[in-house]
Structures are given as structure tokens and as C-alpha cells.
Amino acid sequence: MLETTRTYRAKIVNHQQVSDDLDQCGFSASKLWNVARYYTQGRWDEDGEIPDDGELKSELKEHERYSDLHSQSSQRVLEELAESFTSWYKARQRGDEDANPPGYRKHGDEHPRSTVTWKQKGIRHDAKHNQLRLSKGFNLKTHRSDFILCEYETRPDVTVENIQQVRAVWNGDHWELHLVCKVEIPVEDAPGDNTAGIDLGIKNYLAIAYDDGDAELYPGNVLKQDKHYFTLDEYDTEGENGPSRRALRARQKLSRRKDHFLHALAKHIVERCIDHEVGHIAIGDLSEIREDENGESRNWGKRGNKKLHGWEFDRFTTLLEYKAEEHGILVDRTSERDTSKTCSCCGRKRDANRVERGLYVCESCGTTMNADVNGAVNIRRKITQNPPTRDMSNGRLARPVAYLFNQTSGSFHPREQVGCEP
């Protein structure tokens, strides 16, 4: 059995009865965020340091706003702010001039409804009646035993137990609950002894090469289109008081669409690996891409840094790892060093072989191939030196099958074979 976590969305059945209490908590989370944001800005202006979540908790635990929420809920707000500032600071070190620090949460003179997280000490679960008792902070209690009693409803196939966290999320129209549960999943035997290599990228989100010689491309055009559409000026308006309500809804929708794409892609790749009897996947570890050979932050330029910031390769790899693990498939993160320069047919390494984006031509053996597929083959060879079991001709290497994401069905479907620039 595999012990892991799953997050289930739940509808609040008695929304009318609890919405005011959830509003109070959401507003309080925004107020605490703003207090911590002000403190962090002061530390940054004073000595150029960003306080971690430990310092924020220590300094603000006596603040009136801290007691508006359950202590663990307040702690999570401060953790999220510290994580956001750390992410901004790293982007700043990489030279990303477009990176902005986390802002204050305000809409004019009003505070928006922020997500509120309850950890185990603030939760009581009645599984028999599908009820959750969520603790209020001391300042919001009318009586000593005051709490929010939410009646919830999930999909019929979901069993809610072993709750680790409950998140109340305002989706722009109403509150919903995200239930983070610890679950045990039976682990299947590996589909086979074959291997596959995955090369992650920006134009093509990933390329995968199997040891039977098959290769596939998964373009990221849908993600790019969504990002372009939902960040148009008419949607992504932001002033002194933060993003507009329309901008917030657009960002939430963009986040949900990206989330669905990554989940669907990870699931699809696992299914394709099962079809190819793959028991071991090697995937490029791109953690090194942000650093140079000396371990210093690497600057990819204004556009490059911005693209890397939205790439989320680590998140996809994590999704792939746990979905593959359920089917007995091992996923190894391996270095991508030199995989784009090396010919997967003859092994010669040369920068000039990659003549343009998407096209790799080896002057030594004459092989012409899709550059991302070439990288995927080399990544596969990080875990096995066994050659492909079928012919690796120019046609198979240069014209892999491309799978496109259909937003209507929420799944991937092959299109006609494409050349080096899909």
C-alpha cells in the first residue's frame, strides 16, 4: 500500500448559514497578511533582509490580528507570505526585472476574502453526517465554544477520512472547501521492464522517448494561449489597491486551467508508459537550470527568466512521480547536462549540432532529428545503456507523434505526425 495525500473539492451544503462566518475569517486572513506584509517591508527597507516565517510568527503572535483566526490558521497565512517573498527574492537574484514582491490584499478600502487553512488541531470531522467543525479565532468568538459548522458534499466516489487540512476558498461567487486527506492506495506491479526518457521544455512542454524507438511530443501551446488571454490588460488590471475583482477571477481561472493541464498530462504519460510496458522513467531534473557551474544564480534574460518562472517543471514532475508510483513505475530525476548537445545515435557532443530550435543535425553520422526527442533519448540512457529495440531512423526521430490537449474533453489526442517545428 502507498500512503499519500489527496485533495478533494467539497460543496458547502449549508452555505447560507456559514457564509458570514467564513467571510469574517477570509477578511481576517487578509488583514493579518497586510500586517505581516508591512512588517516585512520594514525589515527589507532597514537592512535588506527578508524575515522567514519563524520570525514573523514570533514577532506577530501577540498582535491583535493574529488572534482573529485559530493559531494554526494564522501561522499558515504567515508561512504563505514568507514563501511568496522568498520566491520574489530568488527571481530578483536571477535578474527578473518583472518580478514584483507580494502586495497588500486590498480592494479600495475593503479587504478581500483570502483562503483560510485549518490544520488538524482546528478541525473536528463528523464523517457519518458529512460535517466539519472549524475553529474560530479568539477575537471572532461570541462564546468560548464558538465554531463554524460546515455541512459538505463531495463526489459520490470520494470517501473523506484522515483529514490533514481544510482550506476554505472563495472562488469569486461562493465559498468551497478543499479537503486534504491522507489515503492509502494499493500499488500495482510494474507494467514491465522497459524504460522511457522525458525531456521538459517550453515550446514543447515535454518530449518522451521509449526504448522501442517510439517518441512523442506534447506542445505547450494551450498553456501559452491561456496565459496570453487571461493576462490581457482588460483582465489583468491592477492599481494601488491591488488587482481588480475581474483580474482575480481571471487569475483563478488561469490557475485552474493550468492545474488541470498538468494533472491530465501526468495521467496521460503514465497511461502511455503502461501501454509501452515501462517500469522506469528518467525525467530531466531542471533544478540546475537556474544555476551556473559555480552554483550562482543564472540570468536567462528578461524574457527567459519570466518563462522559467511560469514553467512549474518541479510541480509536474511531482505529479508524475505520485501517479506513476501507484502503478509500480519508478521515476528518476536525472541531470540534463549535455543531453541537448549529444547525438543520441553516435554519441558525439557538439554545440553546433543544434542548428535551430527543434532541429538537431549531427555532422558526424548525418542523423537529422527533433532536438527535444534527441534530448529525451539521451535522458533515457541515463538509466540504461540498452539501445532501442527497433530502428531509430531519421524518420522516426525527426517526425515524432504529437499529442495535443483538447480543453473540451480535458484529455490528449494525437494529431498527424509533425516535423521538427510542431
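Note that the structure is a prediction, hence the values are computed from the model and not measured. Just so you know, the residues in each chain are numbered from 1, in the order the chain's sequence is written. In keeping with the predicted nature of the model, local features appear solely for residues at pLDDT of at least 70, side-chain atom pairs appear and are counted solely at 80 or more, and the whole-chain, interface and lining totals rest on all residues. Only hydrogens and water are removed before side-chain values are computed, so all heavy atoms of the structure are retained for them.

Engineer: What is the right way to read the pattern of salt bridges from this model?
Structural biologist: Pairing of side chains with opposite charge becomes possible as their charged atoms draw close. Salt bridge, as used here: a side-chain nitrogen of Lys or Arg that lies within 4 Å of a carboxyl oxygen of Asp or Glu. Enumeration over the complete set of coordinates arrives at 23 salt bridges. Of the charged contacts in the structure, one is a salt bridge between arginine 43 and glutamate 55, with a shortest N-O distance of 2.8 Å. Of this pair, arginine 43 sits in helix α1 (residues 15-47) while glutamate 55 is found in helix α2 (residues 53-60), placing the two residues twelve residues apart along the sequence. To sort residues, take the accessible area from a 1.4 Å probe on protein chains only and compare it with the maximum for the residue type: under 20% means buried, over 50% means exposed, and anything in between is partly exposed. When its relative accessible area of 17% is taken as the criterion, arginine 43 is described as buried. Owing to a relative accessible area of 21%, glutamate 55 belongs among the partly exposed residues under this scheme. The partner of aspartate 53 in a salt bridge is lysine 57, and the shortest N-O contact between them spans 3.2 Å. Taken together, the positions of aspartate 53 and lysine 57, both in helix α2 and four residues apart, correspond to about one turn of that helix. With a relative accessible area of 28%, aspartate 53 lands in the partly exposed category. The helix count covers DSSP runs of H or I at least four residues long, the strand count covers runs of E at least two residues long, and both are numbered beginning at the N terminus.

Engineer: Explanation requested: unusual backbone geometry in the structure shown.
Structural biologist: One can expect most non-glycine residues to show negative phi and most peptide bonds to be in trans. Here asparagine 162, not a glycine, exhibits a phi torsion of approximately 50 degrees, which is positive. Mapped onto the elements, asparagine 162 comes out in the loop between β5 (147-153) and β6 (163-170). Positive phi is not limited to glycine here, since aspartate 338 has a value of about 70 degrees. With respect to the element layout, aspartate 338 can be found in the loop between β14 (330-335) and β15 (359-361).

Engineer: Got a minute to help me understand the sheet that holds strand β3 (residues 123-126) in this structure?
Structural biologist: Whenever strands of a sheet pair, they do so through backbone hydrogen bonds, lying parallel or antiparallel. A pair of strands is considered paired only if DSSP assigns at least 2 bridges between the two. Spatially, β2-β6-β7-β1-β5-β4-β3 is the arrangement adopted by the seven strands of the open sheet, whose pairing is antiparallel. In this open sheet, the two strands that pair with only one neighbour each are β2 (116-119) and β3. Each neighbouring strand pair of the sheet contributes to a mean axis angle of 30 degrees, computed without reference to strand direction. Note on definitions: angles span 0 to 180 degrees between N-to-C directions of axes, and those axes are lines fitted to C-alpha atoms, for helices only across the stretch in contact.

Engineer: Just to check I follow, could you spell out the sheet that holds strand β10 (residues 215-219) for this structure?
Structural biologist: Pairing is mixed across the open sheet formed by seven strands, whose spatial order is β14-β13-β8-β9-β10-β17-β18. This sheet does not close on itself; its edge strands, each paired only once, are β14 and β18 (411-414). The average angle at which neighbouring strand axes cross in this sheet is 25 degrees, direction not considered. What makes two residues a contact is simply this: any of their non-hydrogen atoms within 4.5 Å. Across the sheet, helix α7 (residues 313-325) lies against β8 (194-200), β9 (204-210), β13 (278-285) and β14, angled at about 150 degrees from β14, the strand it touches most. Sitting on the sheet, helix α8 (residues 371-380) touches β8, β9, β10, β13 and β14, and the angle it makes with β8 is about 135 degrees.

Engineer: I keep staring at the side chain of histidine 276 and nothing clicks. Help me out?
Structural biologist: Residue placement: histidine 276 occurs in the loop between α5 (245-275) and β13. N or O atoms within 3.5 Å of each other form a polar contact, as long as, within protein, one can give a hydrogen and the other can take it, and as long as residues adjacent in sequence are counted only when both atoms are side-chain atoms. A polar contact of 3.0 Å, which involves the side chain of histidine 276, links it to the backbone oxygen of arginine 272. Apart from the residues within four sequence positions on either side, histidine 276 is in contact with Asn194, Tyr210, Asp212, Asp214 and Glu216.

Engineer: Whenever I open this one, the pairing of β18 confuses me. Can you help?
Structural biologist: If a strand is regular, its side chains alternate between the two faces of the sheet. With four bridges joining them, strand β17 (residues 401-406) and β18 adopt antiparallel strand pairing. Residue pairing in the sheet places tyrosine 403 in a bridge with proline 414 of β18. Here β17 hands over to β18 after four residues, with glycine 410 in that stretch at a positive phi of 70 degrees.

Engineer: Where do I start with the pairing of strand β4 (residues 131-135) in this structure?
Structural biologist: Bridge analysis of β3 against β4 gives four bridges, and the strand direction is antiparallel. Each residue of the ladder has a partner; that of arginine 124, found in β4, is arginine 133. As consecutive antiparallel partners, β3 and β4 are separated by four residues, and within that stretch asparagine 130 has a phi angle of approximately 50 degrees, a positive value. In this sheet, β5 lies alongside β4 in antiparallel orientation, the contact comprising five bridges.

Engineer: Looking at this structure, I do not really get the packing of α1 against helix α3 (residues 71-93). What am I missing?
Structural biologist: Each pair of packed helices can be described by the angle between their axes along with the distance between the axes. With their axes 10 Å apart at the nearest point, α1 and α3 run at an angle of 40 degrees to one another. As far as their axial angle goes, α3 and α1 are oblique. Classified by chirality, the crossing of α3 by α1 is right-handed. Residues Ala29, Leu32, Trp33, Ala36, Arg37, Thr40 and Trp44 of α1 touch α3, and the partners they reach there are Ser74, Val77, Leu78, Glu80, Leu81, Ser84, Phe85, Trp88, Tyr89 and Arg92. Looking at side-chain class alone, the contact of α1 with α3 contains eleven nonpolar, three polar and three charged residues. Roughly parallel here means an angle under 35 degrees, roughly antiparallel means over 145, roughly perpendicular means 65 to 115, and every remaining angle is called oblique. By convention, the crossing between two helices is left-handed when the near helix turns anticlockwise from the far helix through less than a right angle, and right-handed when the turn is clockwise. Amino acid classes used here: Ala, Val, Leu, Ile, Met, Phe, Trp, Tyr, Cys and Pro are nonpolar; Asp, Glu, Lys and Arg are charged; the rest, including Gly, are polar.

Engineer: When you look at the nonpolar core in this model, what are you seeing that I'm missing?
Structural biologist: Burial of nonpolar side chains together is a common tendency in soluble globular proteins. Among buried residues, the Ala, Val, Leu, Ile, Met, Phe, Trp, Tyr and Cys ones that are joined through side-chain atoms within 4.5 Å form a nonpolar core. Judged by nonpolar contacts, the single largest core of 42 residues is most densely connected at Trp118, Leu132, Leu177 and Leu179. Considering every element that reaches this core, the biggest residue donor is α1, with eight residues. Setting aside chain neighbours within four positions, we find leucine 177 in contact with Tyr8, Arg9, Ala10, Ile12, Leu132, Cys150, Tyr152, Val166, Arg167 and Ala168. If you look at the next biggest cluster of nonpolar residues, it comprises 32 residues, including Ile198, Leu265, Leu286 and Ala324.

Engineer: Can you help me understand the packing of aromatic side chains in this one?
Structural biologist: Here a pair means two rings of Phe, Tyr or Trp (six-membered ring of Trp) with centres within 6.5 Å. Their orientation is stacked below 30 degrees between planes, edge-to-face above 60, and tilted elsewhere. This model, assessed by the stated rule, comprises eleven aromatic pairs. Taken together, a centroid distance of 5.7 Å and an interplanar angle of 65 degrees make the contact between tryptophan 170 and tryptophan 175 edge-to-face. The class for tryptophan 170 is buried, based on a relative accessible area of 18%. Chaining the aromatic ring pairs together yields one cluster made of Tyr205, Tyr218, Phe261, Phe316, Tyr403, Phe405 and Phe412. The ring of tryptophan 170 has arginine 113 sitting right over it, with the charged end atom 4.0 Å from the ring centre. Whether a charge lies above a ring is judged from NZ of Lys or CZ of Arg, which has to be within 6 Å of the ring centre and within 35 degrees of the ring normal.

Interpretation in functional terms is not warranted from these geometric data alone.
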